[in-house]
Amino acid sequence: MSYEVSKSDEQWRAELSPQEYAVLREAGTERPFVGEYTDTKTTGVYSCRACGAELFRSDTKFESHCGWPSFYDPADTDAVELIQDRSLGMVRTEVRCARCGSHLGHVFEGEGYGTPTDQRYCINSISLKLTPEE
Ligand SMILES: [Zn+2]
């Protein structure tokens, strides 16, 4: 898979903080309930912290009480890439930025949250950057 934004590990390490690198480039997960955007209700656009691509909008963010920012739909279906993830003995669907391939989180379905898509994009705050609407 080649991405529009492609950088060496060395470049990513230079541009990202160690914490950002661990999640975005090594598919790590930040601890629940501590992320900067977990409870954020600000109106705006959430972009990829690695490459700046627009990923989610605040109007699809909902309170899932799971400890991570949760969205029920990406801003554009092409903005994210979904990949089957069989790590940790589970089958999950990994969510990556379609532009740079950075890890964002996972998407879960059919949990009964009552959102229009019945999906929960469970995204690490550290993978995102919120630009508040003027
Ligand atoms: Zn990106």
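Quick notes on the rules
Residues numbered from 1 in each chain as written. Predicted model: local features only at pLDDT ≥ 70, side-chain atom pairs only at ≥ 80, totals over all residues. Heavy atoms only, no water. UniProt positions renumbered as here; feature names shortened; annotations may be inferred. Helix = DSSP H or I, 4+ residues; strand = E, 2+ residues; numbered from the N terminus. Rg over C-alpha atoms; globule rule 2.2 N^0.38 Å. Contact = heavy atoms within 4.5 Å. Areas by Shrake-Rupley, 256 points an atom, 1.4 Å probe, with all protein chains shown as cover. Lys, Arg positive; Asp, Glu negative; His and termini not counted. Charge placed at Lys NZ, Arg CZ, Asp CG, Glu CD. Core = buried A, V, L, I, M, F, W, Y, C linked by side-chain atoms within 4.5 Å. Buried < 20%, exposed > 50% of the residue type's maximum accessible area, 1.4 Å probe, protein only. Donors = N, O, S within 2.8 Å, 3.2 Å for Na, K, Ca; no water. Tetrahedral: all angles 85-135°; square planar, octahedral: opposite > 155°, others 65-115°. Phe/Tyr/Trp six-rings, centres within 6.5 Å; stacked < 30°, edge-to-face > 60°. Lys NZ or Arg CZ within 6 Å of the ring centre and 35° of its normal.

In the annotation of an unreviewed UniProt entry, the protein chain is listed under the name peptide-methionine (R)-S-oxide reductase and assigned to Actinacidiphila alni. Its UniProt record, at the heading Catalytic activity (unreviewed entry), says of the protein chain: "L-methionyl-[protein] + [thioredoxin]-disulfide + H2O = L-methionyl-(R)-S-oxide-[protein] + [thioredoxin]-dithiol". Note on the protein chain: under the UniProt heading Cofactor (unreviewed entry), the record states "Zn(2+)".

### Structural notes on the overall build of the protein chain
The secondary structure content of the protein chain amounts to two helices and nine strands. Listing each helix as α and each strand as β along the protein chain from the N terminus yields α-α-β-β-β-β-β-β-β-β-β. Computed over its C-alpha atoms, the radius of gyration of the protein chain comes to 14 Å, within 12% of the 14 Å expected for a compact globule of 134 residues. Principal axes of the C-alpha set define a box for the protein chain whose edges measure 45 × 40 × 30 Å. Residue pairs in contact within the protein chain that sit at least 24 positions apart in sequence constitute 53% of those at least 6 positions apart. For the protein chain, the exposed area adds up to about 7,500 Å²; of that, 45% sits on carbon and sulfur atoms. Counting 14 positive and 23 negative side-chain charges, the protein chain places the centres of these two groups 4 Å from one another.

### Quick look at the UniProt feature "domain: MsrB" (unreviewed entry) in the protein chain
Within this structure's numbering, the places UniProt gives as "domain: MsrB" (unreviewed entry) are residues 9–133. Across residues 9–133, the secondary structure splits into 11% helix and 34% strand, with the terminal C-alpha atoms separated by 33 Å.

### A look at the nonpolar core
When a protein is soluble and globular, its nonpolar side chains tend to lie buried together. Judged by nonpolar contacts, the single largest core of 25 residues is most densely connected at Leu55 and Phe56. Listing elements by their share of this core, those giving two or more residues are helix 2 (18–24), strand 1 (44–48), strand 2 (54–57), strand 6 (92–97), strand 7 (103–109), strand 8 (119–123) and strand 9 (128–132).

### Remarks on the coordination of the zinc ion
At the metal site, the zinc ion is ligated by Cys48 (SG), Cys51 (SG), Cys97 (SG) and Cys100 (SG), and these contacts range over 2.3 to 2.4 Å. Considering all four donor atoms around the zinc ion, angles at the metal cover 103 to 115 degrees and the coordination shape is tetrahedral. In terms of primary sequence, the donors binding the zinc ion are separated according to C-x2-C-x45-C-x2-C. Here cysteine 48, found in strand 1, pairs with cysteine 97, found in strand 6; they are 49 residues apart in sequence, far enough to count as distant. With a relative accessible area of 3%, cysteine 48 lands in the buried category.

### Here's the deal with the packing of aromatic side chains
Applying the stated rule across the entire model yields six aromatic pairs. Taking the centre distance of 5.4 Å and the plane angle of 80 degrees together, the rings of tyrosine 37 and tyrosine 46 count as edge-to-face. The class for tyrosine 46 is buried, based on a relative accessible area of 0%. An aromatic cluster is built from Tyr37, Tyr46, Phe56, Phe71 and Tyr121, whose rings are joined through pairwise contacts. Note that lysine 7 overlies the ring of tryptophan 12, its terminal NZ or CZ placed 5.0 Å from the centroid.

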